[in-house]
Amino acid sequence: MKLKKTFYKKGFSLVELVIVMGIFVVMAGLVLFNFSSFQSTRSLDATAQELATVVREAQIYGISVSNIPGSEIFPAYGLHVDYIAAPRDVVLFADLDGDRVYDPGDGEEVSTFRIETPIDLYNICTSQTGEDTSIASNGFRCYRDDTGTIINEINQITAVFER
């Protein structure tokens, strides 16, 4: 009695390759779909940390009573944001005349932090009465009328730190 020898080919069949490629395409699609939201979240986090560093720098300058290099003036330091004229700039300034207001063109600018990521400042508002009124969905304190409309939107804000 003679036995047949069976030869098995080693490798993958076409069906197996198509199934594996299909799984790979689905996984790659999911990764690419979620990448944009991950990237925007990281951009927002990085911008928030850089902005916090600029605020901290102004606080340290103001509290440590840093003088202007080459002079004996020890001014307060502050931050200025102009939402309309330069919505991506946060100016660190030395209040040379003591009026607690940023005066562009008077040599008060120390440095400018520019928001380079796709993040925009789109609203600046504050409480009209100084009391804790309502918190807007964007995180700024806002005063709202009976219809819920923001009624005291402002175009610029200045924060000064002095000792």
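What comes next is a walk through the structure. (Residues numbered from 1 in each chain as written. Predicted model: local features only at pLDDT ≥ 70, side-chain atom pairs only at ≥ 80, totals over all residues. Heavy atoms only, no water.)

## Points about the overall build of the chain
Summing up its helical and strand segments, the chain has 1 helix and 8 strands in all. When its helices and strands are written in sequence order, the chain yields α-β-β-β-β-β-β-β-β. Counting the 163 residues in the chain, one finds 21% classified as buried. Carbon and sulfur atoms make up 60% of the accessible area of the chain, which totals about 12,200 Å². (Helix = DSSP H or I, 4+ residues; strand = E, 2+ residues; numbered from the N terminus. Buried < 20%, exposed > 50% of the residue type's maximum accessible area, 1.4 Å probe, protein only. Areas by Shrake-Rupley, 256 points an atom, 1.4 Å probe, with all protein chains shown as cover.)

## Section: the pattern of salt bridges
Scanning the entire structure with this criterion turns up 3 salt bridges. Here aspartate 89 ties to arginine 114 by a salt bridge, and the two come within 2.7 Å at their closest N and O atoms. Pair noted here: aspartate 89 is in strand E2 (residues 86-95) and arginine 114 is in strand E3 (residues 109-114), with a separation of 25 residues, a long-range link. Residue arginine 100 pairs with glutamate 162 through a salt bridge whose shortest N-O separation is 2.3 Å. Pair noted here: arginine 100 is in the loop between E2 and E3 and glutamate 162 is in the segment after strand E8 (156-161), with a separation of 62 residues, a long-range link. (Salt bridge = Lys/Arg side-chain N within 4 Å of Asp/Glu carboxyl O.)

## Side note on the sheet that holds E3
If you walk across this open sheet you meet the 4 strands as E3-E2-E1-E8, and the pairing is antiparallel. In the strand order of this sheet, the two ends are held by E3 and E8, each with one partner. Taking the axes of each pair of neighbouring strands and ignoring which way they run, one obtains an average angle of 20° across the sheet. Pairing of E2 with E3 involves 5 bridges; the strand directions are antiparallel. In the strand pairing of E3, leucine 92 is matched with serine 111. Relative to the sheet, helix H1 (residues 14-63) contacts strand E1 (76-82), E2, E3 and E8, its axis offset from that of E1 by approximately 145°. (Pairing = 2+ DSSP bridges. Axes fitted to C-alpha atoms, helices over the stretch in contact; angles between N-to-C directions. Contact = heavy atoms within 4.5 Å.)

## So, the packing of aromatic side chains
Scanning all chains against the criterion turns up 2 aromatic pairs. Seen in terms of ring centroids, tyrosine 61 and tyrosine 77 are 5.0 Å apart; in terms of plane orientation they differ by 65°. Their pairing is edge-to-face. Taken together, the residues tyrosine 61 in helix H1 and tyrosine 77 in strand E1 connect sequence positions 16 residues apart. Under the relative-accessibility criterion, tyrosine 77 is labelled buried at 3%. Ring geometry for phenylalanine 93 and tyrosine 102: centres 5.2 Å apart, planes at 50°, overall tilted. By relative accessible area, which is 0% here, phenylalanine 93 ends up buried. (Phe/Tyr/Trp six-rings, centres within 6.5 Å; stacked < 30°, edge-to-face > 60°.)

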